[in-house]
Amino acid sequence: MRLLRKFLIQVGSKYRPEDLLTINNKRFIEPVDARLPRDKMTYNGQYLGMNRKWFIPSNLLLQKLAKEEETKKAYVDRDAAWFFVVGRDIFEENIQRFEGDVKLGRYCLVMYGESCIGYGRYETSGSLRVVKNMFDVGDFLRRE
Amino acid sequence: MDGTHSPLIPLSREDFIELYQSLGATLTGDEVTPKTLRVNPLATDESTLIKTLTAQGVDLEKIPFLDYGYRIISSPFSLGASIEYLLGHYFLQETASQLPAQLLAPSGEDNVLDMASAPGGKTTQMAAYMGNGGVITAVDVNRLRLYALENNLERMGVRNTVVYNMDSLDLPDEPMFTKILLDAPCSGNYVTDSRWFGKRKKAHIQHNFMMQRKLLTKAVSLLEKGGALLYSTCSLEPEENELNVQWLLENYDVKLGDIDAPGSPGVTEIFGDLLDESIKKCRRLWPNDVGTQGFFIARAVKQ
């Protein structure tokens, strides 16, 4: 719960989910009616993400946050989006615009059109400014 | 096919083709199925996705008998790694395998069981038909395959599903589901496995149809009266298809329903035996019929 809350605050979200269900370190909300043995359950309802060193948000949570006006966002074009989903950082010159209060050292969602493709931290790298990749949806390919 | 053939020796390609031709097929054994995708209305608007992919040089053709299916004519990049794929806007799913969920047609009022759910193509498709309403109980005995299912549920934006790592045969015998999808583990077919002819033995088919009958028995016990069971396999073997349905009709109070899908009617004369006429309501998709893998579909309603 602590890492999830920290992540939500970092990206400027007002969302504060309660009554979470935890299965194998994964966090869920709004579980559906489960009629079979709890010890055999591996997934239930809306998956929000899991704790590692920091919180790893689910695709469901990223798309929910993408719709929130309050969240901090960096918009990128298709080429930059492609680099980001293969795990690369994004140079500032490839960011079309920021929305919300995105400052150096702070976090933001990375947006391609209306979809969120991950999140990162806005920081300096040598003399350049980049959005450092913290998590991206290319993880779906890397985890299989 | 030679009735004295050892169950432990692989059957020859000619044995299988001869069998299929005796059931009315005109196939050659060289058929292929095109690459296809299914649009996910939970995550995107169909026309927007098609415009986006077309603008990137992807050539798609709508499959007339599928609600959300498109044939991939050509693509300048891998459609299994595009940004839209990662965002769950579509699922790469073979044509025939899009039919079971479409024909079961669950709604947001249904309580659905998916008895062999991994890797989740049909589970995520049912969630889309249900608009993330109702409940899907997805069960699979193989934990490794369930990781793929869970990733697909997340990627495709599914919120109405509970997953269990268990054998469907261990489910309690209580009628608690309004609809059941049993896309049964089966012998497969040569269209999706180029080495299929070289390794398939009679013993595999015998093992599979016995397992399928156990799963059918369990499905009937879990289904509410008036509820629908959609049984499908990607096998062309009559033992796993029409003969299993005949067995189901003989042993349980179920009736077959009509199926609105391409392909051929279920075969009712097999190995010299005449089967129940209503088995013609089933659909058998020979690979040369409409350009799919081999497939069989039956829809039964519990009385």
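The paragraphs below set out a description of the structure included in this document. (Residues numbered from 1 in each chain as written. Chains lettered and ligands numbered in written order. Predicted model: local features only at pLDDT ≥ 70, side-chain atom pairs only at ≥ 80, totals over all residues. Heavy atoms only, no water.)

Examining the sheet that holds strand 7 (residues 90-91) of chain A
Residues and elements named next belong to chain A.
Logical step 1: Strands sit in the order 7-11-10-9-6-8 across an open sheet of six strands; the sheet is mixed. The strands lining the two open edges of the sheet, one partner per strand, are strand 7 and strand 8 (95-99).
Logical step 2: With three bridges joining them, strand 6 (residues 73-76) and strand 9 (residues 107-112) adopt parallel strand pairing. Looking at the pairing, Y75 lines up with M111 of strand 9.
Logical step 3: Docked against the sheet, helix 2 (residues 59-66) engages strand 6, strand 9, strand 10 (115-125) and strand 11 (128-136), running at close to 80° with respect to strand 10.
Logical step 4: Its contacts with the sheet place helix 3 (residues 78-85) against strand 6, strand 7, strand 9, strand 10 and strand 11, and it is angled at close to 85° to strand 10. (Pairing = 2+ DSSP bridges. Helix = DSSP H or I, 4+ residues; strand = E, 2+ residues; numbered from the N terminus. Contact = heavy atoms within 4.5 Å. Axes fitted to C-alpha atoms, helices over the stretch in contact; angles between N-to-C directions.)

Details of the packing of helix 8 (residues 202-222) of chain B against helix 9 (residues 242-251) of chain B
All names here are of chain B.
Logical step 1: Between helix 8 and helix 9, whose axes approach to 10 Å, the crossing angle comes to 40°. Considering their axes alone, helix 8 and helix 9 lie oblique with respect to each other. As helix 8 packs across helix 9, the resulting crossing turns out to be right-handed. Of the residues in helix 9, those touching helix 8 at F209, Q212, R213, L216, T217 and V220 are L243, N244, W247 and L248.
Logical step 2: Considered class by class, the residues forming the contact of helix 8 with helix 9 number six nonpolar, three polar and one charged. (Parallel < 35°, antiparallel > 145°, perpendicular 65-115°, else oblique. Left-handed = near helix turned anticlockwise from the far one by under 90°. Nonpolar A, V, L, I, M, F, W, Y, C, P; charged D, E, K, R; others polar.)

Brief notes about the sheet that holds strand 1 (residues 36-39) of chain B
Residues and elements named next belong to chain B.
Logical step 1: One open sheet accounts for four strands, arranged 2-3-1-4; its pairing is antiparallel. Edge positions in the sheet fall to strand 2 (59-62) and strand 4 (90-92), since each has one partner strand and no second. Adjacent strand axes in the sheet meet at a mean angle of 35°, parallel and antiparallel pairs treated alike.
Logical step 2: Bridging between strand 2 and strand 3 (residues 69-74) involves four bridges; their strand directions are antiparallel. Residue D59 lies in a different strand from strand 3, and its bridge partner there is S74.
Logical step 3: Taken strand by strand, helix 2 (residues 46-55) contacts strand 1, strand 2, strand 3 and strand 4, and its axis lies near 140° from that of strand 1.

A word on the packing of helix 1 (residues 2-10) of chain A against helix 2 of chain A
When two helices pack together, their arrangement is given by the angle between their axes and by how far apart the axes lie.
All names here are of chain A.
Logical step 1: As a packed pair, helix 1 and helix 2 sit with axes 12 Å apart at the nearest point and diverge in direction by 30°. Considered as vectors, helix 1 and helix 2 are oriented roughly parallel to each other. As for how helix 1 packs across helix 2, the hand of that crossing is right-handed. In this structure, helix 1 contributes L4, F7 and L8 to the contact, and helix 2 contributes L61, L62 and L65.
Logical step 2: Residues belonging to the contact of helix 1 with helix 2 are distributed by class as follows: six nonpolar, no polar and no charged.

Let's talk about the nonpolar core
Logical step 1: Counting 144 residues, the largest nonpolar core has F7, L61 and I117 of chain A together with Y20, L37 and I180 of chain B as its most contacted members.
Logical step 2: Residues from two domains meet in this core; each of domain 1 (2-65) and domain 2 (67-143) of chain A gives at least three.
Logical step 3: If sequence neighbours within four positions are ignored, I117 of chain A has contacts with V76, A81, F84, V85, V110, Y112, F135, D136 and V137 of chain A together with I83 and L87 of chain B. (Core = buried A, V, L, I, M, F, W, Y, C linked by side-chain atoms within 4.5 Å. Buried < 20%, exposed > 50% of the residue type's maximum accessible area, 1.4 Å probe, protein only. Domains from an automatic or database assignment.)

Thoughts on the pattern of salt bridges
Logical step 1: All told, the structure shown has 18 salt bridges over all chains when counted by the stated rule.
Logical step 2: Measuring nitrogen to oxygen at the nearest pair gives 3.0 Å for the salt bridge that ties K122 of chain B to D183 of chain B. Taken together, the positions of K122 of chain B in helix 5 (residues 121-129) and D183 of chain B in strand 8 (residues 177-183) put the pair 61 residues apart, joining distant regions of the chain.
Logical step 3: In this structure, the salt-bridge partner of K280 of chain B is E277 of chain B, at a minimum N-O distance of 3.1 Å.
Logical step 4: Through salt bridges that share partners, K26 of chain A together with R143 and E150 of chain B make up one connected network. (Salt bridge = Lys/Arg side-chain N within 4 Å of Asp/Glu carboxyl O.)

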